Amino acid sequence: MEDIMVQLSPLRSRLCDFDHAYSLAIRIREATGRHQFVLRTGDPIQPFRVTETRPAKDEGLVLHVA
């Protein structure tokens, strides 16, 4: 999987980092009024995911924007 990451743009790593996911969760929360969750995916291509669906117990909750 590291070979794939080397081939991808450096911009991808900035867009896929926690800070970007946190910022996105805040903006979505402000726009919709709905709670947002930042989850760790375990996928190096998309390490974090923002969703308004409550995470399952086995999912890696990193942040809850209420």
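Located above this text is the structure these notes cover.
Thresholds applied
- Residues numbered from 1 in each chain as written.
- Predicted model: local features only at pLDDT ≥ 70, side-chain atom pairs only at ≥ 80, totals over all residues.
- Heavy atoms only, no water.
- Helix = DSSP H or I, 4+ residues; strand = E, 2+ residues; numbered from the N terminus.
- Buried < 20%, exposed > 50% of the residue type's maximum accessible area, 1.4 Å probe, protein only.
- Areas by Shrake-Rupley, 256 points an atom, 1.4 Å probe, with all protein chains shown as cover.
- Lys, Arg positive; Asp, Glu negative; His and termini not counted.
- Charge placed at Lys NZ, Arg CZ, Asp CG, Glu CD.
- Core = buried A, V, L, I, M, F, W, Y, C linked by side-chain atoms within 4.5 Å.
- Contact = heavy atoms within 4.5 Å.
- Phe/Tyr/Trp six-rings, centres within 6.5 Å; stacked < 30°, edge-to-face > 60°.
- Pairing = 2+ DSSP bridges.
- Axes fitted to C-alpha atoms, helices over the stretch in contact; angles between N-to-C directions.

Peer 1: Looking at this model, I keep getting lost on the overall build of the chain. Mind explaining?
Peer 2: Tallying secondary structure elements over the chain gives three helices and three strands in all. On the principal axes, the C-alpha backbone points of the chain span a range of 40 × 25 × 10 Å. Buried residues in the chain amount to 15% of all 66 residues. Working note: accessible area of the chain is about 4,900 Å², and carbon and sulfur atoms make up 53% of it. For the chain, the centre of its 9 positive side-chain charges and the centre of its 9 negative side-chain charges are spaced 8 Å apart.

Peer 1: Please explain the nonpolar core as it appears in this structure.
Peer 2: As a rule of thumb, soluble globular proteins bury nonpolar side chains together. Grouped together as the largest cluster of nonpolar side chains are five residues: Ala21, Ala25, Val38, Phe48 and Val65. Setting aside its immediate chain neighbours within four residues, phenylalanine 48 contacts Cys16, Asp17, Phe18, Ala21, Val38, Leu39, Arg40, Thr41 and Val62.

Peer 1: Where do I start with the packing of aromatic side chains in this structure?
Peer 2: Two aromatic rings are characterised by how far apart their centres lie and by the angle between their planes. For the coordinates displayed, the defined rule picks out two aromatic pairs. Aromatic pair phenylalanine 18 and tyrosine 22: ring centres 6.1 Å apart, planes at 15°, arrangement stacked. Placement of both phenylalanine 18 and tyrosine 22 in helix H3 (residues 18-32) is noted, with a separation of four residues, approximately one turn of the helix. Taking the relative accessible area as the measure of exposure, phenylalanine 18 reaches 29% and is therefore partly exposed. With a relative accessible area of 37%, tyrosine 22 lands in the partly exposed category. Considering the side-chain rings of phenylalanine 18 and phenylalanine 48, the 5.7 Å spacing of their centres and the 70° angle between planes classify their relative orientation as edge-to-face. A residue pair is termed long-range when its members are at least 10 positions apart, and phenylalanine 18 in helix H3 and phenylalanine 48 in strand E2 (residues 48-51) qualify at 30 residues. What links up through ring pairs into an aromatic cluster is the set Phe18, Tyr22 and Phe48.

Peer 1: When you look at the sheet that holds E2 in this model, what are you seeing that I'm missing?
Peer 2: Whether parallel or antiparallel, the strands of a sheet pair through hydrogen bonds between backbone atoms. With antiparallel pairing, three strands are arranged side by side in an open sheet as E2-E1-E3. Both outer strands of the open sheet, E2 and strand E3 (60-65), are each paired with one neighbouring strand and no more. Sheet twist, expressed as the mean angle between neighbouring strand axes with direction ignored, is 20°. Examined bridge by bridge, strand E1 (residues 36-40) and E3 share five bridges and lie antiparallel to one another. What sits directly across from valine 38, in E3, is leucine 63. Packed on one face of the sheet, H3 meets E1, E2 and E3 and runs near 160° to E1.

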